[in-house]
Protein chains: 6
Amino acid sequence: MIRRAVFPGSFDPITRGHENIILRSLPLFDEIIIAIGINMEKKSFFELSDRIKWIEQVFAAYPQVRVDSFTGLTVDYCKKMDATFILRGLRTAADFEFERTIGQINKKLNSGLETIFLLTTPDFTSINSSIVRDVYKHGGDVSIFIPEGIKLP
Amino acid sequence: MIRRAVFPGSFDPITRGHENIILRSLPLFDEIIIAIGINMEKKSFFELSDRIKWIEQVFAAYPQVRVDSFTGLTVDYCKKMDATFILRGLRTAADFEFERTIGQINKKLNSGLETIFLLTTPDFTSINSSIVRDVYKHGGDVSIFIPEGIKLP
Amino acid sequence: MIRRAVFPGSFDPITRGHENIILRSLPLFDEIIIAIGINMEKKSFFELSDRIKWIEQVFAAYPQVRVDSFTGLTVDYCKKMDATFILRGLRTAADFEFERTIGQINKKLNSGLETIFLLTTPDFTSINSSIVRDVYKHGGDVSIFIPEGIKLP
Amino acid sequence: MIRRAVFPGSFDPITRGHENIILRSLPLFDEIIIAIGINMEKKSFFELSDRIKWIEQVFAAYPQVRVDSFTGLTVDYCKKMDATFILRGLRTAADFEFERTIGQINKKLNSGLETIFLLTTPDFTSINSSIVRDVYKHGGDVSIFIPEGIKLP
Amino acid sequence: MIRRAVFPGSFDPITRGHENIILRSLPLFDEIIIAIGINMEKKSFFELSDRIKWIEQVFAAYPQVRVDSFTGLTVDYCKKMDATFILRGLRTAADFEFERTIGQINKKLNSGLETIFLLTTPDFTSINSSIVRDVYKHGGDVSIFIPEGIKLP
Amino acid sequence: MIRRAVFPGSFDPITRGHENIILRSLPLFDEIIIAIGINMEKKSFFELSDRIKWIEQVFAAYPQVRVDSFTGLTVDYCKKMDATFILRGLRTAADFEFERTIGQINKKLNSGLETIFLLTTPDFTSINSSIVRDVYKHGGDVSIFIPEGIKLP
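Worth saying up front: this structure is predicted, and the values here are computed from it rather than measured. Counting from 1, residues in each chain are numbered in the order their sequence is written. Chains carry letters and ligands carry numbers; both start at the beginning, A for chains and 1 for ligands, and go up in the order they are written. At least 70 in pLDDT is required for a residue's local features to be given in this predicted model, at least 80 for side-chain atom pairs to be given and counted, and no such filter applies to totals for whole chains, interfaces and linings, which use all residues. Hydrogens and water are ignored here; the side-chain numbers use all heavy atoms of the structure.

> I would appreciate a short explanation of the pairing of strand E4 (residues 85-90) of chain A in the present structure.
Strand residues, when the strand is regular, have side chains that alternate between the two faces of the sheet. Residues and elements named next belong to chain A. Accessible area is worked out with a 1.4 Å probe on protein chains only. A residue is then buried under 20% of its type maximum, exposed over 50%, and partly exposed in between. Only runs of H or I of at least four residues qualify as helices and only runs of E of at least two qualify as strands under DSSP, and these elements are numbered from the N terminus. Burial analysis of E4 places five of its six residues in the buried class, which makes it a mostly covered element. The pairing of strand E1 (residues 4-9) with E4 spans two bridges and is classified as parallel. Paired with Val-6 across the strands is Ile-86, a residue of E4. Taken together, the six bridges between E4 and strand E5 (residues 114-119) define a ladder with parallel strand orientation. The residue bridging Leu-87 from the neighbouring strand is Ile-116, located in E5. Handedness of the crossover is the feature at issue here: the chain leaves E4, passes through helix H4 (residues 93-109), returns alongside E5, and the resulting connection is right-handed. Two strands make a pair as long as DSSP finds a minimum of two bridges between them. Here the term right-handed applies to a crossover when the path leading from its first strand over the helix to its second strand runs clockwise, the strands being oriented away from the viewer.

What follows is the structure in structure tokens.
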């Protein structure tokens, strides 16, 4: 059986933290789908097409990683893609509480789905997309927070 | 003296978690008022009349439980209703921090008011109204998260 | 039905934090049993007879409060005393995690038993028996941490 | 070398918690700049001019404390003001997680900048500007939450 | 490449929580070694031979699961067994902090080793070996906390 | 007035985390006393003379840092040394809860004493003396956890 994982998120934009989790989980899965969840009610900061392009660029050398976008529930998307694992990074104890809630709800909605967690590497623990956007909006240099080679507009 | 408790919230909608806390605290109080706080600045997802109707339906067999709605501070509402206890459920450590803050503020505003906490039963810990709304909006089945017999529109 | 609560602990020694939780929960219960758990494997710092005497002294004016000691499981002691509530104070988020675990285990062992939590008042949040013993051992003045009138040896 | 600290925030409005942190850190710094961050995307509740006036009033007797406002990144503002310390109060474990993230990001953006934390005094732990606004909007009495002498409109 | 994971612990005794984590992670790994760490300085409560026997009994039907014991560092044991993953269950936010520390240390000691986390199922969150021992010592019934079929002495 | 801080701990042994906190707080204080608390009831792992020697070695180039040892309460030691600040590093949310408790107790015992916190740098967050001892006892290489140049026996 293929071990296929979905790594859901908004990736608005992808950070070095995301990149690091994906790279470290490569040996664990045969296929990883980075799935950009589209929230109808909340406009993203960066364009979907840009977010997809940046992720493709970062993982160009890894054929087992691909990018997709979806609307609706993550559990429904996983079923559609025949993925039995959700991959998530844990950064802080606050993250943990949130992820536990989401993970248990997902399990109730689709009991065949297992969420697998990796802990962020210390150097990336403080980085998340919202902080990257904040620094970016205020004109700060975000290059150390996003994967090498990515150029924000 | 009557032991009267107010269980404040938005109940948007009521969940099995809320139901469980109320049922477990029945032996503790002579009267429990489920009090829907109306936030003038934030529109609720479900109509107030529906939220009231669902709660009435769930506790129809329990005369010591009644439903009401209020605007303004919870402490003022408690004073008006001559209730000396606030009842709250605790789900997570993050909840705890939030509730501690609110509980201490309420005590400063009305020192005769005591907040009583019950911990959620494991099976209901992951359920809250915001997640129910989220699953509902995405077309998922929420029946396992809300009390039996409740039909969302 | 009598609302009888057990407030279990080692009370080694009783602190102002304990005193405060008991006093605030008096309106909630008809009877409160302060139950000193005797741990066969771990010697207490103060003598059991002293710990009992101090508690009796603190609550001399409150006939609905009494002191007892017990060995074995708290749930078994509650059953024996015909108490349907356990009363506990919550100080910190770390406390919360611990108490949640214990509360859920107690509920599994005796499903008719409900644990009721009060949050400590800010001024007493930092006080616990272990810190009182520590200050005491180092010759510090512990009078502000223990109920008025208590004289440690 | 002058030990100059920036105490950034929105101070919407200043609370007794803020006042307490500043007063307690006076012996640590030669100069403290209370810096009101202006968020272009989020309207404040009270006017900037009022917020500045209230802070000036509270610290009128302390020449080493001054008030300012800024836009952009806190780290850039600190550099401009030649301040090598950021001063922050820690209230809860949730605060801690948030502050750790911000502190580490600030250090990455300007490695010469050190964030110094004081823990809030128990009595002020539950007070923050958002709760003050909430009580104020609902017509409650906020005088015990804000520094003496401050009159909200 | 074989995906081999080590699930280290003292299993003193194995609980339903342990059993659940192993069963849920079976689809993720080709081989799981349940590795009982022997602590020279701290005597275990149950005999090593019993602890091994119980685990063997629980997973008798799963050839990809085996039991072993080891002394020394977990990272050294993993290297010896040619395992590139450590499997751990996360129960609470307090667990999270502890596991993060251990996981980061293990990564510093052996950077090729990845720790994979699953979150405990709500019903098992409150169960750990130390609580099982506690209930057992006090003569309580622990059968609902340990895997079916296990008989403690 | 001299800004003199006490950095209390057991330093059993000193770690890169300790070293980092001291170095980063040098601009904040005129004098830092690294104070090894001697616990009469708990034997340390390394000899006091070694622990002192290692710290002296690490800070040989910094005349404003000195080492001392003390018995009794930290607040009494601070008073004796005429120090008005306690310096502490915060690593995790669990640390935070513990430190808050200790800090508030110290403030009650000596209200003129202020505890100042710095957050650990991500790379050192997972390191503490107890983990260093653990790796050391099991024959692991601890050189990356302790300051450069220190040779454990």
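We are not done yet, so read on.
> Help me understand the environment of B:Gln64 in this model?
Residues and elements named next belong to chain B. With respect to the helices and strands, Gln-64 occurs in the loop between helix H2 (48-58) and strand E3 (65-70). Since its relative accessible area comes to 26%, Gln-64 is described here as partly exposed. Between the C-alpha atom of Gln-64 and that of Phe-29, which follows or precedes it by 35 residues, the distance is 8.6 Å. Should any heavy atoms of two residues lie within 4.5 Å, those residues are counted as being in contact. The contact partners of Gln-64, leaving out residues within four places of it in the chain, are Leu-26, Asp-30, Glu-31 and Ile-32.

> Could you clarify how one ought to interpret helix H4 (residues 93-109) of chain C in this entry?
Residue pairs spaced three or four apart in an α-helix point in one direction, given the helix's 3.6 residues per turn. With 17 residues, H4(C) ought to run about 24 Å at 1.5 Å a step, and its terminal C-alpha atoms sit 24 Å apart, in line with that. Buried within H4(C) are the following residues: C:Ala93, C:Asp95, C:Phe96, C:Glu97, C:Glu99, C:Arg100, C:Thr101, C:Gly103, C:Gln104, C:Ile105 and C:Asn106. The span one expects for a helix is its residue count, reduced by one, times 1.5 Å.

> Is there a simple way to think about helix H5 (residues 129-137) of chain C in this case?
Buried within H5(C) we find C:Ser129, C:Ile131, C:Val132 and C:Val135. In an axial view of H5(C), the angular spread of the buried residues amounts to 160°, which keeps them on one side of the axis. At its buried positions, H5(C) is contacted by helix H1 (16-25) of chain C together with helix H4 (93-109) of chain F. Looking one or two residues beyond H5(C), the residue adopting positive phi is C:Gly139, at roughly 80°. It is the directions from the helix axis to the C-beta atoms whose arc is reported.

Purely geometric stuff here, so don't read any function into it on its own.
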